[in-house]
Amino acid sequence: MRYIELRSDTFTKPTPAMRKAMADAEVGDDQYGEDPTVNRLEKRASEIVGKEAGVYVPSGMMGNLCGVLSQTQRGDEVVLGDLAHIVQNEMGACFVVGGVVPRLVPNRDGFPSLDDLASAVRPQGMFPRTSLVCLENSHNNCGGAVITAEQTKSIVDFAHVRGMRVHLDGARIFNAAAALGVEAKALVRDVDTVQFCFSKGLAAPVGSILCGDGETVAKARRVRKMLGGAMRQAGVIAAAALVGLEEMRDRLVEDHRNAQRFAQGLAEIPGVRIDPRRAVTNIVSFEIDPAVMDAGAFQKACAEKRLRVSRYLGNSPRLRAVTHLDVTRDDIDAALEIARAVLIGAPAAVTAGR
Ligand SMILES: *Cc1c(COP(=O)(O)O)cnc(C)c1O
């Protein structure tokens with residue numbers, strides 16, 4: 001008996017092709033720039049997103065740290081949506097380690113308004129310098145919402161005119177691209193730096209990359225070293241990331257179809273609050289009506305029936321389900337049966353088989 005694991009797409013296990021690539025990987029000392037597999041990954045990844053250079057990092061969080069710290073000075077203000085992963089889920093690392101100050105604007109599903117941004121930017125003079133805007137696409141804490149290339153460009157234009165740079169937390173940029181039916185390249189064309197994860201929908205075991213212009217990435221490489229993130233024979237893990245990059249991007253639409261199926265199924269269960277139209281990527285965000293059941297109790301009851309979902313921030317009635325390579329359409333149907341059984345107390349006929 002296995003679990004239907006919908007807590008996150010980070011739960012994917014490396015595929016046989018990845019394990020083979022890892023075993024066969026040509027390696028060297030990456031801190032000396034001599035790991036051929038890491039070098040290949042950095043070249044290929046930056047090519048795919050249309051940037052000059054890239055630096056492989058152990059986690060998405062370190063990708064964001066490298067992006068933020070390489071483009072700011074201590075005491076600068078960084079403008080972020082209030083639900084940004086950098087703000088909510090990263091231990092305040094950029095602020096604690098980087099000494100930059102968060103300047104929060106209303107998140108608006110990942111597309112902050114230009115008016116909000118304008119009032120967040122400080123006038124010149126005896127104020128902190130506002131040097132960076134961070135965006136997120138797709139948006140984790142906004143149910144996987146996406147922003148278009150045009151929306152991104154409007155914010156980048158706003159920032160560049162004011163001498164500010166833009167970092168994109170694109171942990172799931174290929175999900176955003178698949179949802180919008182465009183190349184990831186188009187979504188990141190205008191931003192200065194982008195971070196994306198190999199360890200989520202791309203199903204690789206470890207790592208992310210920060211891509212941007214050569215000069216910024218060279219600075220980011222120094223930041224990575226300072227953070228203790230410069231690795232040695234990292235080709236062993238980069239090899240799997242390369243497989244993910246080449247083999248997994250085209251199948252993300254399948255995860256999106258499963259997420260949509262799950263969202264529509266949930267909408268039919270009394271006690272669930274959801275607008276299935278908002279599930280555009282692989283993240284399904286939904287609420288349990290507190291009058292029917294406490295969200296924590298729902299989560300626990302589902303887990304007892306071998307369905308795992310995660311809970312959003314704090315005590316909220318909001319839950320999250322994320323589809324990925326290791327979740328099939330049959331799993332989705334079984335997951336819906338479990339959710340229904342938990343909520344309406346119907347006999348739980350179906351559990352996660354196999
Ligand atoms: C997962 C995620 C990260 C961090 O990635 P880790 O590898 O877990 O450090 C950053 N930003 C967003 C939007 C994410 O979803």
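You'll find the structure just up there.
Please read these numbers as outputs of a predicted model, since none were measured by experiment. For every chain, the first residue of the written sequence is number 1, and numbering continues from 1 along that sequence. Only residues with pLDDT of 70 or above have their local features reported here, since the model is predicted, and side-chain atom pairs are shown and tallied only from 80 upward, although totals for entire chains, interfaces and linings are computed over all residues. In computing side-chain values, all of the structure's heavy atoms are included and hydrogens and water are not.

### What about the packing of aromatic side chains?
- Two aromatic rings, drawn from Phe, Tyr or Trp (for Trp, its six-membered ring), form a pair once their centres lie within 6.5 Å of each other, and the interplanar angle then sorts them: stacked below 30 degrees, edge-to-face above 60, tilted otherwise. Applying the stated rule across the entire model yields five aromatic pairs.
- Here the aromatic rings of Y56 and F198 are separated by 6.0 Å at their centres, their planes lie at 55°, and the arrangement is tilted. On the criterion of sequence distance, the pair formed by Y56 in strand β2 (residues 53-57) and F198 in the loop between β7 (193-197) and β8 (208-212) is long-range, its members being 142 residues apart.
- Note on classification: 1.4 Å probe, protein chains only; a residue is buried when its accessible area is under 20% of the maximum for its type, exposed when over 50%, partly exposed between these limits. On the basis of relative accessibility, which here comes to 0%, the residue Y56 falls in the buried class.
- In this structure F198 comes out as buried when scored by relative accessible area, which is 0%.
- What links up through ring pairs into an aromatic cluster is the set Y56, F174, F196 and F198.
- A ring is scored as having a charge over it whenever the NZ atom of a lysine or the CZ atom of an arginine sits within 6 Å of its centre and within 35 degrees of its normal. When the ring centre of F174 is taken as reference, the NZ or CZ atom of R249 above it lies at 5.6 Å.
- The side chain of R306 reaches across the aromatic face of Y3, ending 4.4 Å from its centre. Secondary structure elements are defined from DSSP: runs of H or I of at least 4 residues count as helices, runs of E of at least 2 residues count as strands, and each element is numbered from the N terminus.

### Considering helix α10 (residues 214-226)
- Its 13 residues place the ends of α10 19 Å apart at the C-alpha level, agreeing with the 18 Å of an ideal helix rising 1.5 Å per residue.
- For α10, every residue scored as buried is listed here: T216, V217, A220, V223 and R224. Looking straight down α10, one finds its buried side chains confined to an arc of 105°; they lie on one side. α10 presents E215, R222 and M226 as exposed residues on the side facing more than 90 degrees away from its buried surface.
- The elements touched by buried residues of α10 are α2 (36-48), β2, α3 (60-69), β6 (165-169), β7 and β8.
- Counting of polar contacts relies on pairs of N or O atoms within 3.5 Å, with two restrictions inside protein: one atom must be capable of donating a hydrogen and the other of accepting it, and residues adjacent in sequence are counted only when both atoms are side-chain atoms. You can read the cap of α10 off the contacts: a side-chain oxygen lies 3.1 Å from the backbone nitrogen of E215, and it is on D213.
- Trailing α10 by a residue or two, G228 shows a phi angle of about 80°, which is positive. Here, expected helix span is obtained from the residue count minus one, scaled by 1.5 Å. To be clear, the arc concerns the directions from the helix axis to the C-beta atoms. Between two residues, a contact is recorded if the distance between any of their heavy atoms is within 4.5 Å.

### As for the site of the ligand
- Within the structure, the ligand sits among 13 residues, and G60, M61, N140, D169 and K200 are positioned closest to it.
- At 2.9 Å from an oxygen atom of the ligand is found a side-chain nitrogen or oxygen belonging to N140.
- Protein chains bury 84% of the 380 Å² of accessible surface belonging to the ligand in isolation.
- Broken down by element, the shell around the ligand gets its largest block of residues, three residues, from α3.
- Considering only residue class, the shell around the ligand consists of three nonpolar, five polar and five charged. The criterion for a residue being near a molecule or strand is simple. One of its heavy atoms has to lie within 4 Å of it. Only the protein chains shown count as covering a residue, and every accessible area follows the Shrake-Rupley method with a 1.4 Å probe. Classes in brief: Ala, Val, Leu, Ile, Met, Phe, Trp, Tyr, Cys and Pro nonpolar; Asp, Glu, Lys and Arg charged; the others, Gly included, polar.

### Observations regarding the sheet that holds strand β4 (residues 101-105)
- A pair of strands is treated as paired once DSSP finds two or more bridges between them. The sheet built from seven strands is open, its strands ordered β2-β8-β7-β6-β5-β3-β4 with mixed pairing. Each edge of the open sheet carries a strand with a single partner, namely β2 and β4. Going across the sheet, the axis of each strand differs from the next one's by a mean of 20°, ignoring polarity. For every element, the axis is a line fit to its C-alpha atoms; helices are fit only across the contacting stretch, and the angle between N-to-C directions ranges from 0 to 180 degrees.

### A closer look at the packing of helix α8 (residues 173-180) against helix α12 (residues 252-267)
- One way to put it is that α8 packs onto α12 with a least axis distance of 9 Å and a crossing angle of 75°. In terms of orientation, α8 and α12 fall into the roughly perpendicular class. Residues F174, N175, A178 and A179 of α8 form the contact with α12, whose own contacting residues are L252, V253 and H256.
- Split by residue class, the contact of α8 with α12 holds five nonpolar, two polar and no charged. Every angle not falling under 35 degrees, over 145, or within 65 to 115 is termed oblique; those three ranges are roughly parallel, roughly antiparallel and roughly perpendicular.

### Quick look at a nonpolar patch on the surface
- Patch rule: a residue counts if its relative accessible area is over 30% and it has no salt bridge; like charges are joined within 9 Å, and nonpolar side chains (Val, Leu, Ile, Met, Phe, Trp, Tyr) within 5 Å. Only one rule defines a salt bridge in this text: a Lys or Arg side-chain nitrogen within 4 Å of an Asp or Glu carboxyl oxygen. A surface patch of nonpolar side chains, about 300 Å² in accessible area, is lined by V96, V97 and M226.
- Looking at the element boundaries, M226 is found in helix α10.
- Residue class for M226 comes out exposed when judged on its relative accessible area of 58%.

Keep in mind that these numbers describe shape and distance, not what the molecule does.
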